[in-house]
Amino acid sequence: MNYQVTVSGDPELAQESVDFVSNGFGNMSMNVNTTSSHHHHNNGNAEISFNSGFGGPTMTMEVNETHNGYNHHHHHHNNSGNAEISINSGFGMPTMTMSVTDNNSHHHHHESSSVNLSLGGIVGAVVGAVTGGVMIDGRNRIWVQLNQSSYVGGDIISGTVEMDCIVPFFAKGVIVKVKGFERLWLQELRTETEGEGSNKRTVYKTIDHKENKEFFKSTIVVYPQSGTVNCGHYSFPFSYQLPTDLPGTFCHDGKDAMGAYSAKILYKCKATVDVAHKHDLKSTTKLIINEKCGELVQPSFAENKKSFMLTKGKLHVKTWLNKNAYFPGETLIAKMKANNTSIKPTRKISLVVHHTMQLKTRLYHRSISNSIYKQQYDGFQPCFYGKRYLPFSIPVDLKPSSSLGKHITSSYILELECDIPMAIDLSVTLPLTLFAPQFLYSTVPSQPPGTPLPPDVSYRHPWEGDEHATSCRKCNKSFSLFARKHHCRHCMKIFCDKCTSTKTTITKLAYPKPVRVCEECYPNATQGGQKYQSAKLMAAQYQASLNAYYAQYASLYPQIYPNHQQPSAPPQQY
C-alpha cells in the first residue's frame, strides 16, 4: 500500500511521524472489536494501550472506523472508509488526533491512503521512538559519575549512570561495560639484501608488530526493564571490583630511529542506554588505574667511586634518598656524602631523571630510554669531605611507573652526576618509582609542607685557591716554576714543599693513607685531626629549629592537631 503523508507541527520530527505511520507501534498489547457486513455500512472500534517501563503513565489509543461498501455490480467493488485515531499520552499534553481516508478498489489493482497528522514536538518524538527505528534526540544525554578520581588493583569502583531526558524515547534497559587492556604497536625498520651478482641490491622494509592483552571485561546490567523514558533526570547506581595486580594506566606514542611505536594500557567504563541498533545513548569514561605499591616505602642507598689517571687520590660518593617511591609533583631529598682525596674539583652536581620503556612483542623487542628532566647544583672543592642535601622537585607531568604489564613496562632511575674537569664524570644511580596518589605503607614519617632542609656539613676546612697565595704561609718563600705550591691536608692552606714535607694519616678526616700536613697541624693530625664542622652540634641546632617550625605549623592549623597536640619532629641522623 502506498501512503501519502502530510504532517503539520514540529518540522524536525516530520520523519519520525512518517516512521510511525509506516512501521506501526511495534510491541504492544492490542484489543480490536470490529463489525462488518458485505455491501453494507461497516463499523469498527479498536483500543490500543501500552505501558512505560520507566514509571510513566499508560498511553491509550482509540480507533473509531466507519466503512461503507456500495455499487455492487458483477463483483466490482468500490470501497471507501474513514478512520479517526485519538491518542491520550498521559504526559500532560493535549490529545493527538489522526484522521485516515482510505479508498480501496479490489479489481483495479491499485490502493491509496491519505493520512493527516497534527503532532506536538514531544508527542511526535514519543510516537516515533516507540517504533524503535528513529535516532535519539541530541538533547538527551548520559554520563558516568565515579566515587573517586583514581583506583588501584583490588579497589571497588562505585558510581552512578546519570541521564537527562529532554525528549522521551523507548529504551530496553541500561548497562555498564568495564574493561582493561594492553595494546602495543611497534614498527620495525629492517634492511635486507635481494638478488644475486650484479643484481644484488639493498631493500628497506617496514614490518608492523602488534600485541593485545585483555586484563578484564565485564558487563553490568544496572536497569533490566524496558519501556518509555519520560522527561526528567535518572540515576542508576553500579559497582565493580577490580582484579588485583593491574598495571598502571599508560599511554605513549612516538617515533625514533628504529621506527614508530604506540604503547597503551587503558581502562574504560562505558554506560549505554539500549535503544536500537546504532541508535543507543552512550557515554565512555576513562578509568585511571594506578599500579599498587607492593613494597614498603623506605630510604634507598647507592654508592660509586673512581680514581684518576694523572692525579693521586680518589672520589667516593654515597647517595641516599629519603624514600624509594614518590608521587609526581613531590619533592625528594637526596643526601650525598662525598670524600674527595684528590686535588680534582667538582664543577657541578646534577640530578637527572631517566625514563625507560620496554616494549615486547612475540617476535620483536625494543628498549627506549630518554633523559627527561635535569636539575643542577653547585659542585665542591678539591679534597672535599662532607655532606650535601639536594632538594629535587619531581615534575608533575611525569607518568607513573608501570611494571606489571606483559608487553609494556615503564620505569625510572635517578642519576647523580659529578662533573669533573679533565676526567670521566662520576655517576650514582638509584631506582625511582613514581606512583599516582594512593595510600602507601611507609617507614618514613611524613613532614609538614615547607619543612627546612638539614644543613650541609663539611668535615674538612675549605680548600684555599691557588690564586689567593703568592708565597708560603710559613716561610714566606715566593712561588715560581721551580717552587711549587702544596696544600696541607688538615688546614687546607698553601705552603711550600719544605714546610709540608711531613706526612701522616688523618683518621677523623678520612685520610687512611699518609698525606702532607704543615708543621703547625702535624701534632693534631697524628692524633686523628680535628673536624672543621661538628655534625652533632649542627644536628642539635637543626633539631631545635625543626621543633620550632612544627610548633608554628600546629598553631597555624589547629584543625589538624586538636587539643594543642604538637607534632613531634623526627630525629635526624648524621
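As the structure is a prediction and not an experimental result, all values here were calculated from the model.

What to know about the overall build of the protein
In terms of helices and strands, the protein carries 4 helices and 33 strands. Summed over all atoms, the accessible surface of the protein reaches about 31,800 Å², with 50% contributed by carbon and sulfur.

Some points on the nonpolar core
In terms of nonpolar packing, the biggest core is built from 44 residues, with Met 163, Phe 169, Val 176, Phe 238, Val 273 and Leu 359 touching the most fellow members. Elements represented by at least two residues in this core include exactly strand S8 (141–146), strand S10 (156–165), strand S11 (169–171), strand S12 (173–194), strand S13 (201–223), strand S15 (232–241), strand S17 (259–274) and strand S24 (346–360). A per-element tally of this core places S17 first, with 7 residues. Residues in contact with Met 163, not counting those within four places in the same chain, are Arg 141, Ile 142, Phe 169, Val 229, Gly 232, His 233, Tyr 234, Phe 236, Val 273 and Leu 281. Formed by 30 residues, the second largest nonpolar core is a distinct cluster that contains Phe 308, Ala 338, Ile 420 and Val 428.

Topic: the packing of aromatic side chains
Enumeration according to the criterion identifies 9 aromatic pairs in this entry. Between Phe 216 and Tyr 267, the ring centres sit 5.9 Å apart and the planes meet at 20°, which makes this aromatic pair stacked. Here Tyr 267 lies in strand S17 and Phe 216 lies in strand S13, a separation of 51 residues in the sequence. Ring centres of Tyr 234 and Phe 236 lie 6.3 Å apart, and the angle between their planes is 0°; on these two criteria the pair is classed as stacked.

A word on a positive patch on the surface
Positive charge collects at one region of the surface, where Lys 177, Lys 179, Arg 183, Lys 217 and Lys 282 lie side by side. Sorting elements by how many residues they give to the positive patch places S12 first, with 3 residues. Note on placement: Lys 282 falls in strand S18 (residues 281–286). Judged by its relative accessible area of 47%, Lys 282 is partly exposed.

Considering the pattern of salt bridges
Scanning the entire structure with this criterion turns up 13 salt bridges. One salt bridge in this structure joins Glu 192 and Lys 205, with 3.1 Å as the shortest N-O distance. Here Glu 192, found in strand S12, pairs with Lys 205, found in strand S13; they are 13 residues apart in sequence, far enough to count as distant. Overall, Lys 205 belongs to the partly exposed group, its relative accessible area being 33%. One network of salt bridges, with partners in common, ties together Glu 188, Arg 190, Glu 192, Glu 194, Arg 201 and Lys 205.

Looking at the side chain of Glu 182
Structurally, Glu 182 can be placed in strand S12. The buried charged residue Glu 182 lacks any salt bridge, with Lys 213 as its nearest oppositely charged partner at 6.1 Å. For Glu 182, the contacting residues outside a window of four places in its chain are Glu 211, Asn 212, Lys 213, Phe 215, Lys 264, Ile 265, Gly 405, Lys 406, His 407 and Ile 408.

Observations concerning the sheet that holds strand S21 (residues 314–321)
Sheet strands line up and pair through hydrogen bonds in the backbone, either parallel or antiparallel. Judged by pairing direction, the sheet is antiparallel, and its 5 strands sit side by side in the order S20-S21-S23-S26-S29 without closing on themselves. Looking along the sheet, the strands with just one partner apiece sit at the ends: strand S20 (300–307) and strand S29 (457–458). With 8 bridges connecting them, S20 and S21 associate as antiparallel partners. For Lys 306, the partnering residue across the bridge sits in S21 and is Leu 315.

Considering the confidence of the model for the protein
For the protein, per-residue confidence averages 77 on the pLDDT scale, and residues scoring 70 or more make up 70% of the total. Predicted confidence for residues 1–53 stays below pLDDT 50, and this span has 121 contacts to residues more than four positions away or in other chains.

Observations regarding the pairing of strand S27 (residues 408–419)
Here S24 pairs with S27 via 12 bridges, running antiparallel. Within the sheet, the bridge partner assigned to Leu 359 lies in S27 and is Ile 408. In terms of strand pairing, S27 meets strand S28 (residues 426–434) through 7 bridges, oriented antiparallel. Of the residues in S28, the one forming a bridge with Ile 413 is Pro 431.

Looking at the sheet that holds S28
Strand order in the open sheet formed by 5 strands is S22-S28-S27-S24-S25, with mixed pairing between adjacent strands. Taken across any chain shown, the strands that pair with only one partner, and hence form the sheet edges, are strand S22 (325–326) and strand S25 (365–380). Bridge count for S24 against S25 is 14 bridges, and the pairing is antiparallel. Bridge pairing in S25 places His 355 opposite Asn 370.

Digging into helix H4 (residues 535–556)
For H4, with 22 residues, the first-to-last C-alpha span of 31 Å sits near the 32 Å given by 1.5 Å per residue. Ala 535, Met 538, Ala 539, Tyr 542, Gln 543, Leu 546, Tyr 549, Tyr 550, Tyr 553 and Ala 554 are the residues of H4 that are buried. Across the axial projection of H4, the buried residues extend over an arc of 140°, all falling on one side. Relative to its buried face, H4 has exposed residues pointing more than 90 degrees away, namely Leu 537 and Ser 555. Tucked inside the fold, the buried residues of H4 contact S29.

Some thoughts on the environment of Asp 245
With respect to the helices, strands and loops of the structure, Asp 245 is situated in the loop between S15 and strand S16 (250–256). In the structure, Asp 245 is positioned 45 residues away from Asn 290 in sequence and 10.0 Å away in space, judged by C-alpha atoms. Those residues within four positions of Asp 245 in sequence are excluded, and the remaining contacts are Gly 153 and Leu 404.

So, the environment of Glu 188
The residue Glu 188 is located in strand S12 in this model. Each C-alpha atom of the pair Glu 188 and Arg 366 lies 9.3 Å from the other, and the pair is 178 residues apart in sequence. Beyond its immediate stretch of four places on either side in the chain, Glu 188 contacts Lys 205, Thr 206, Ile 207, His 209, Met 258, Tyr 364 and Arg 366. Polar side-chain contacts of Glu 188 include one of 3.0 Å to the side chain of Arg 190.

Comments concerning unusual backbone geometry
Peptide bonds are trans in most cases, and residues, glycine excluded, mostly fall at negative phi. In the Ramachandran plot, Asp 245 falls in the positive-phi region, its phi being about 55° despite a non-glycine side chain. We classify Asp 245 as exposed; its relative accessible area is 63%.

Quick word on the pairing of strand S23 (residues 331–340)
With 8 of its 10 residues buried, S23 lies for the most part within the structure. As defined by bridge partners, S21 adjoins S23 across 7 bridges and the pair is classed as antiparallel. When the bridges of S23 are listed, Thr 319 appears paired with Met 336. Note: S23 against strand S26 (residues 385–393), 9 bridges, orientation antiparallel. Each bridged residue has a counterpart across the sheet, and for Leu 332 the counterpart in S26 is Phe 392.

Conventions and cut-offs
Residues numbered from 1 in each chain as written. Predicted model: local features only at pLDDT ≥ 70, side-chain atom pairs only at ≥ 80, totals over all residues. Heavy atoms only, no water. Helix = DSSP H or I, 4+ residues; strand = E, 2+ residues; numbered from the N terminus. Areas by Shrake-Rupley, 256 points an atom, 1.4 Å probe, with all protein chains shown as cover. Core = buried A, V, L, I, M, F, W, Y, C linked by side-chain atoms within 4.5 Å. Buried < 20%, exposed > 50% of the residue type's maximum accessible area, 1.4 Å probe, protein only. Contact = heavy atoms within 4.5 Å. Phe/Tyr/Trp six-rings, centres within 6.5 Å; stacked < 30°, edge-to-face > 60°. Patch = residues over 30% accessible without salt bridge, like charges linked within 9 Å, V, L, I, M, F, W, Y side chains within 5 Å. Salt bridge = Lys/Arg side-chain N within 4 Å of Asp/Glu carboxyl O. Lys, Arg positive; Asp, Glu negative; His and termini not counted. Charge placed at Lys NZ, Arg CZ, Asp CG, Glu CD. Pairing = 2+ DSSP bridges. pLDDT = per-residue confidence, 0-100. Expected span 1.5 Å × (residues − 1). Arc of directions from axis to C-beta. Polar contact = N/O pair within 3.5 Å; in protein donor to acceptor, adjacent residues only side chain to side chain.

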